[in-house]
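Here are the chains, one letter per residue:
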Amino acid sequence: MSAVTTLTNPAVVIERMPVRERLASFTAAAWSIAVRADEGAGTIVRLEAADGAVHFRGDGHFLGWSREEMEAAWEAMAHSDSPPEPDLPQLG
């Protein structure tokens, strides 16, 4: 049984958010899923680094989960059947 199947009645909100690494001189963007389930609430942040590495960070219910568990939860909950919103460039 995977960690994702232990969540009952999950409600998921996905959003793009700014993130900054310690000692970095720039702000990057990451994806975040906020999950509220019968077991509790928490978020998983997924950051794709410039070198191609993918990093996960969990808090709330997901605090202490392994990278593999967070990646599996991300894959199971972050996908939607609705068409993606257009990615509009930020000008100025």
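Preceding block: the structure.
Rules and cut-offs
Sequence order sets the numbering: in each chain, residues are counted from 1 along the sequence as written. This being a predicted model, a pLDDT of at least 70 is required before a residue's local features are given, and a value of 80 or more before pairs of side-chain atoms are given or counted; all residues contribute to the totals for chains, interfaces and linings. Side-chain metrics rest on all non-hydrogen atoms present in the structure, leaving aside hydrogens and water. Here, a salt bridge means any side-chain nitrogen of Lys or Arg that lies within 4 Å of a carboxyl oxygen of Asp or Glu. Counting from the N terminus, the helices are the DSSP runs of H or I reaching at least four residues and the strands are the DSSP runs of E reaching at least two. Residue exposure (1.4 Å probe, protein chains only): buried if accessible area is under 20% of the type maximum, exposed if over 50%, otherwise partly exposed. A pair of strands counts as paired when DSSP detects no fewer than two bridges linking them. Helix axes are fitted only over the stretch in contact, all axes being lines through C-alpha atoms; the angle between N-to-C directions runs from 0 to 180 degrees. We define a nonpolar core as any set of buried Ala, Val, Leu, Ile, Met, Phe, Trp, Tyr and Cys residues linked to one another through side-chain atoms lying within 4.5 Å. We call two residues contacting when some pair of their heavy atoms lies within 4.5 Å.

This next bit is on the pattern of salt bridges. Throughout the structure, instances matching the rule amount to two salt bridges. Here glutamate 48 and arginine 46 are joined by a salt bridge, their closest N and O atoms 2.5 Å apart. Among the salt bridges present, the one from glutamate 71 reaches arginine 67, with a minimum N-O distance of 2.8 Å. In this pair, glutamate 71 and arginine 67 are both assigned in helix H1 (residues 67–77), four residues apart and thus about one turn of the helix distant. Of the residues examined, arginine 67 reaches a relative accessible area of 36% and is grouped as partly exposed.

Before going further, it helps to examine the pairing of strand S3 (residues 40–48). With seven bridges connecting them, strand S2 (residues 28–37) and S3 associate as antiparallel partners. If you follow alanine 37 over to S3, its bridge partner there is glycine 40. Between S2 and S3, which pair antiparallel in sequence order, lie two residues. Two strands pair when backbone bridges link them, and S3 and strand S4 (residues 54–60) are joined in this way by seven bridges, in the antiparallel orientation. Among the inter-strand pairings, arginine 46 is bridged to a residue of S4, identified as phenylalanine 56.

Turning next to unusual backbone geometry. One non-glycine residue, asparagine 9, lies in positive phi territory at about 55°. The residue asparagine 9 is located in the segment before strand S1 (11–19) in this model.

Attention now moves to the sheet that holds S1. Neighbouring strands of a sheet are bound in pairs by backbone hydrogen bonds; such pairs are parallel or else antiparallel. If you walk across this open sheet you meet the four strands as S1-S2-S3-S4, and the pairing is antiparallel. The open sheet terminates on both sides in strands that have one partner only, identified here as S1 and S4. Within this sheet the neighbouring strands show an average axis-to-axis angle of 20°, counted without direction.

Membership of the largest hydrophobic core comes to 13 residues, with the highest contact counts inside it found for Leu7, Ile33, Val35, Ile44, Phe62, Trp74 and Met77. Every element with two or more residues in this core is listed here: S2 and H1. Those residues in contact with tryptophan 74 that sit more than four places away from it in its chain are Ile14, Trp31, Ser32, Ile33, Ile44, Arg46 and Phe56.

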